[in-house]
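Given next are the chains, with one letter for each unit.
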Protein chains: 2
Amino acid sequence: MADEFEAPGLPGLIQRLRESLPAHCILTRQEDTKPYECDGLSLYRELPPVVVLPETEAHVIAVMQACCAFGVPIVARGAGTGLSGGATPHRQGVLLGLAKFNRIKSIDPDAATAVVEPGVRNLAISEAVAPYGMYYAPDPSSQIACSIGGNVAENSGGVHCLKYGLTIHNILRVRVVTIDGDVIELGSDAPDSPGLDLLSVFIGSEGMLGVVTEITVKLIPKPICAQVVMASFDSVETAGQAVANIIAAGIIPAGLEMMDQRAIQMVEPFSKAGYDTGAHAILLCESDGTQEEVEEEIGRMRAVFEQAGATRLQVSSSEEERLRFWAGRKNAFPAAGRVSPDYYCMDGTIPRRHLGRVLRAIEEMEVTYGLRCANVFHAGDGNLHPLILFDANDPGEVERAENFGAAILELCVEVGGTVTGEHGVGLEKINQMCVQFSREELDAFSAVKRAFDPYGLLNPEKLIPTLARCAEYGKMHVHGGNLRFPELPRF
Amino acid sequence: MADEFEAPGLPGLIQRLRESLPAHCILTRQEDTKPYECDGLSLYRELPPVVVLPETEAHVIAVMQACCAFGVPIVARGAGTGLSGGATPHRQGVLLGLAKFNRIKSIDPDAATAVVEPGVRNLAISEAVAPYGMYYAPDPSSQIACSIGGNVAENSGGVHCLKYGLTIHNILRVRVVTIDGDVIELGSDAPDSPGLDLLSVFIGSEGMLGVVTEITVKLIPKPICAQVVMASFDSVETAGQAVANIIAAGIIPAGLEMMDQRAIQMVEPFSKAGYDTGAHAILLCESDGTQEEVEEEIGRMRAVFEQAGATRLQVSSSEEERLRFWAGRKNAFPAAGRVSPDYYCMDGTIPRRHLGRVLRAIEEMEVTYGLRCANVFHAGDGNLHPLILFDANDPGEVERAENFGAAILELCVEVGGTVTGEHGVGLEKINQMCVQFSREELDAFSAVKRAFDPYGLLNPEKLIPTLARCAEYGKMHVHGGNLRFPELPRF
């Protein structure tokens, strides 16, 4: 992995950049570049030789053309909150920080759209359009910090995505600088755009196809009212079945989240959300709309949960209580950090009907691997976030945590799911892509990547494993059909 | 256009096909190939030298490999109901008819999915899953005849797409044979799939990237109840404003269609739907859900229409009446065929807020071009289907119809819309793509096309204009910024 790239052009590139951009946009001293050495996946670190912070699209074009001319890799970065290493710098490349692209350029309440720059924070969009009674729906847990450009790169999800869709369903158009320095627009303000749907292939492409300089987002009206049902269950299977029953009843909740007992007991002392700490699993199920719609839907949700064997039911009676119910779920990650020196967050998806089976299997794995695992997840989407608790100072625990994580992902693939729901592949899951996809499918990814980036300069070594890498991974690490994480023991 | 392809390999190819496929799968006599000479855009006709009707995926692989080996173009065809010439045969290529891929392979009511072959009719899916209380949402007017494979190729829409999405939002996975004869699967049963989103780029790619042999569709629960509000307005602008107000009120109707006076008066004698023939425009606005939801939403729809100045309001009081209200809208095309020797159906899209302005402009164009135009369209999506009525036996009318159509599409692009909403580009709108997109954007389309089909054998000359074609079109036909339709005068 370390020797594929040689960038002898780096000194020439930096010289060229200094000629094209203001001096304060170019950082090369270690004290300045250090903050960019990792994203949210901090176990991968790489000090970038140069960080560029462009202020205009013309700057981005100049950087791309210079990188092209000198054959130097380029890694774009938003807020750096990504969890899969998508913005981990390249050791011989440019780290392109888009933090200065932070303007909301226009808001069109009639068309229910806004045009924003990629460095705008996710939550800042909803704040800016709140006076029009609107908001931007996808809400990753990191929404207070993460940027919309990063959301586009990772096709981010969130609690509201069950009803309102992922990032891909909430973006109408992006303006992109290609590796050649051309500017193209993908998508349109219309419901469908003629030609190939390159907008969709761009969203979630993890910085492999181009750099976004402008994004048109869809806005939706803020619901008049919202309420949450909190339901307790005496096993993860019955809770899992209740989720399936909700969907089968034709209800599409505004959010449908599950926490198992370990997660409840971890979260409650920290967030005081009022969770039933005796329950083996709780579901949080939100309805939004008009007063009448919510009342009617909450009634149907209650009926489904009762029939599924809920041991306790509670409906939020005020906006304050609704936010308190959610506060526990949204603070699960910090709560994990409080009860364990380290945790490893997985991001597998499974068909909803296997929820109960997979949760039971994870419970059994806790015994096998001698580690605790707290489960919080987007139940409605079948998107699991098991948090494996361990101590990185104990090498034995590190190895068991890796094996535990691998076993969970194996099971996800086995039951027809995938190795990542919303956190992306990045560096972290590059080997698992060899297992998820056939050689011909990886060939198709590579061919489309080359269509946008024939020189392979955009975020190299991420997302799409080379065939050589898969061969090596298969030879070295797949024993008896089991996945292993050879790159992870850098905790 | 006629000389780009030379297929000297055709005799060798046919020989090879006869060795690989059963004799009855290969048609070469003119009486057998004649039915395949055009699709729904019958003004383009081309007799295919050979029609192949594969029965298995192995047959499709054999055809692809043979075409590759002999350098012969290949055009896939579903039910042939497409309106833009996407399945017009290539004069020196194979026409690959997928009618025999007509099995519904499995239905999974728990996961709300079905696995079907591409030749299955759109409506047949809903019929097959009806016993489970479910249906497949996208409903093109041709749904009784069109195939799901064709829907995938064109990213088809329909009345229900405002609420339930286009084809792209209702397909989870496709199995594809590539031009090299490889089999790949795009998408997954999970809400998101790792890697590049090649499923989305494939949907709507008009047979340019590969041939589908299996499709996993999403099913949704049949609503317990549905009602339609029919609202009359005294001008197209007020009706257009009412549409904008519905969306601004946060209502997402199950369908929101508009007809102008010409369309109403054309349709009513034919379909006896009970339309207000004195109105200048009517809206059909559907609500579906539970009894309570529908009641509440219909109330809100009525309030919006009243405030927008509706001159008459009527709510369907029975399922029979609801279907009758829709019958007029759904029979608009045959009704046009009844009142005019010929009609030319346009398919532009515009931002919803310009509905009134564009409709008023079309009314004025009727005078300018001396032709009648009936407007029926998916108002909620901003997708217009103006039907220009003319007599093909009168060369003057043909020319005026073309110019009228061009002027409408010009206006669509001018107000920020597109030249096609759901009927595809095919051959019909290939020149307009030169106007809609920049050279760099067309380059991106071509590069992705080559990623899947480096030899350019899949449905050549459709969807993506060559740069030479755009240059020629620009040189010959763009005068003073106006679009013209140089290829159309073959009526």
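Bear in mind the structure is a predicted one, so any value in this text is a computation, not a measurement.

1. Description of the state of the cysteines
Following the criterion strictly, the structure yields two disulfides over all chains and no others. The disulfide partner of C434 of chain A is C470 of chain A, and the gap between their sulfur atoms is 2.1 Å. On the S-S bond that ties C434 of chain A to C470 of chain A, the torsion sits near -85°, and the link is left-handed. Linking C434 of chain A in helix α15 (residues 430-436) with C470 of chain A in helix α17 (residues 467-477), this pair joins segments that are 36 residues apart in sequence. Here C68 of chain A stays free of any disulfide, with the sulfur of C67 of chain A as its closest cysteine sulfur at 8.1 Å. A relative accessible area of 24% places C68 of chain A in the partly exposed class. The thiol of C38 of chain B is not disulfide-bonded; the next cysteine sulfur, from C345 of chain B, is found 16 Å away. The buried category is assigned to C38 of chain B, whose relative accessible area is 13%.

2. Quick look at the side chain of E37 of chain B
All names here are of chain B. Assignment of secondary structure puts E37 in the loop between α2 (30-33) and β2 (50-52). Taking relative accessible area as the criterion, E37 reaches 12% and is therefore assigned buried. When residues no more than four places from it in sequence are discounted, the contact partners of E37 are Y44, R45, E46, L47, P48 and P89.

3. Brief notes about the domain arrangement of chain A
Bring the parts together and some accessible area is lost; that lost area is often taken as the interface size. All names here are of chain A. The assigned domain composition of chain A is domain 1 (10-97), domain 2 (104-221), domain 3 (225-334) and domain 4 (338-477). The distance between the C-alpha centroids of domain 1 and domain 4 comes to 27 Å. Listed as interface residues are 18 residues of domain 1 and, on the opposing side, 14 residues of domain 4. Both faces considered, domain 1 and domain 4 share a buried interface measuring about 1,200 Å² in area, 62% of it formed by carbon and sulfur atoms. Looking only at domain 1, the three residues that lose the most surface to domain 4 are I74, L83 and S84, adding up to 36% of its buried area. Where domain 1 meets domain 4, there are one salt bridge. One salt bridge in this structure joins E461 and R91, with 3.4 Å as the shortest N-O distance. At the junction of domain 1 with domain 4, the criterion picks out ten residue pairs in polar contact (both at pLDDT 80 or more). For the side of domain 1 that touches domain 4, the element with the most residues is helix α3 (residues 57-70), which contributes three residues.

4. A word on the sheet that holds strand β15 (residues 312-315) of chain A
Residue and element names in this part refer to chain A. Taken together, the seven strands give an open sheet; going across it, the order is β15-β12-β14-β13-β17-β18-β16, and neighbouring strands pair in antiparallel fashion. Since the sheet does not close on itself, it has two edges, and those belong to β15 and β16 (342-345), each with one partner. The mean inter-strand angle of the sheet, taken between neighbouring strand axes irrespective of direction, is 15°. In this structure, strand β13 (residues 255-260) lies alongside strand β17 (residues 373-378), joined through two bridges in antiparallel fashion. Paired with M258 across the two strands is F377, which belongs to β17. Lying over the sheet, helix α13 (residues 355-369) contacts β13, β17 and β18 (383-390), oriented at roughly 160° with respect to β17.

5. A word on the packing of aromatic side chains
Residue and element names in this part refer to chain A. Tallying each qualifying case throughout the model produces ten aromatic pairs over all chains. When the centroid spacing of 5.3 Å and the interplanar angle of 15° are considered together, the rings of Y369 and F404 count as stacked. Residue Y369 is located in helix α13, and its partner F404 is located in helix α14 (residues 395-414); the two are separated by 35 residues in the primary sequence. Take Y369 and F404: they sit in the same class, and that class is buried. Aromatic side chains F437 and F445 sit 5.0 Å apart centroid to centroid with 85° between the ring planes, which places their arrangement in the edge-to-face category. Each member of the pair F437 and F445 is classed as buried.

6. Considerations on the sheet that holds β2 of chain B
Residue and element names in this part refer to chain B. Strand order across the open sheet formed by four strands is β1-β2-β4-β3, with mixed pairing between neighbours. At either margin of the open sheet sits one strand with a lone partner, and together these are β1 (26-27) and β3 (74-77). With two bridges joining them, β1 and β2 adopt antiparallel strand pairing. Considered in β2, the bridge of L27 is made with V51. Packed on one face of the sheet, helix α1 (residues 10-20) meets β1, β2 and β4 (94-97) and runs near 30° to β2.

7. Some thoughts on the pairing of strand β5 (residues 104-108) of chain A
Residue and element names in this part refer to chain A. Relative to strand β6 (residues 113-116), β5 is paired through four bridges, and the arrangement is antiparallel. Residue pairing across strands places S106 opposite V115, the latter belonging to β6. Taking the residues that link successive antiparallel strands as the turn, the β5-β6 hairpin has four residues, and the phi of A112 there is positive, at about 60°.

8. Remarks on the relation of the copies chain B and chain A
Rotating chain B by 180° about the axis while translating it 0.1 Å along that axis superimposes it on chain A, leaving an RMSD of 0.0 Å. As the rotation angle and translation indicate, the two copies are arranged about a two-fold axis. Taken as a fraction of all interface residues of chain B, those also at the interface in chain A reach 100%, which identifies the copy contact as same-surface.

9. Describing the packing of helix α8 (residues 236-248) of chain A against helix α10 (residues 291-307) of chain A
A packed helix pair is summarised by two numbers, namely the angle formed by the two axes and the spacing between the axes. All names here are of chain A. Here α8 crosses α10 at 140°, and the two axes come no closer than 9 Å. One element, α8, and the other, α10, form an angle in the oblique class. When you trace α8 past α10, the crossing you get is right-handed. Between α8 and α10, the residues in contact are A242, N245 and I246 and M301, V304 and F305, respectively. Its residues assigned to classes, the contact of α8 with α10 comprises five nonpolar, one polar and no charged.

Conventions and cut-offs
- Residues numbered from 1 in each chain as written.
- Chains lettered and ligands numbered in written order.
- Predicted model: local features only at pLDDT ≥ 70, side-chain atom pairs only at ≥ 80, totals over all residues.
- Heavy atoms only, no water.
- Disulfide = S-S within 2.5 Å.
- Helix = DSSP H or I, 4+ residues; strand = E, 2+ residues; numbered from the N terminus.
- Buried < 20%, exposed > 50% of the residue type's maximum accessible area, 1.4 Å probe, protein only.
- Contact = heavy atoms within 4.5 Å.
- Domains from an automatic or database assignment.
- Buried area = accessible area lost by both parts, 1.4 Å probe.
- Salt bridge = Lys/Arg side-chain N within 4 Å of Asp/Glu carboxyl O.
- Polar contact = N/O pair within 3.5 Å; in protein donor to acceptor, adjacent residues only side chain to side chain.
- Pairing = 2+ DSSP bridges.
- Axes fitted to C-alpha atoms, helices over the stretch in contact; angles between N-to-C directions.
- Phe/Tyr/Trp six-rings, centres within 6.5 Å; stacked < 30°, edge-to-face > 60°.
- Least-squares fit on C-alpha atoms with pLDDT ≥ 70 in both.
- Parallel < 35°, antiparallel > 145°, perpendicular 65-115°, else oblique.
- Left-handed = near helix turned anticlockwise from the far one by under 90°.
- Nonpolar A, V, L, I, M, F, W, Y, C, P; charged D, E, K, R; others polar.

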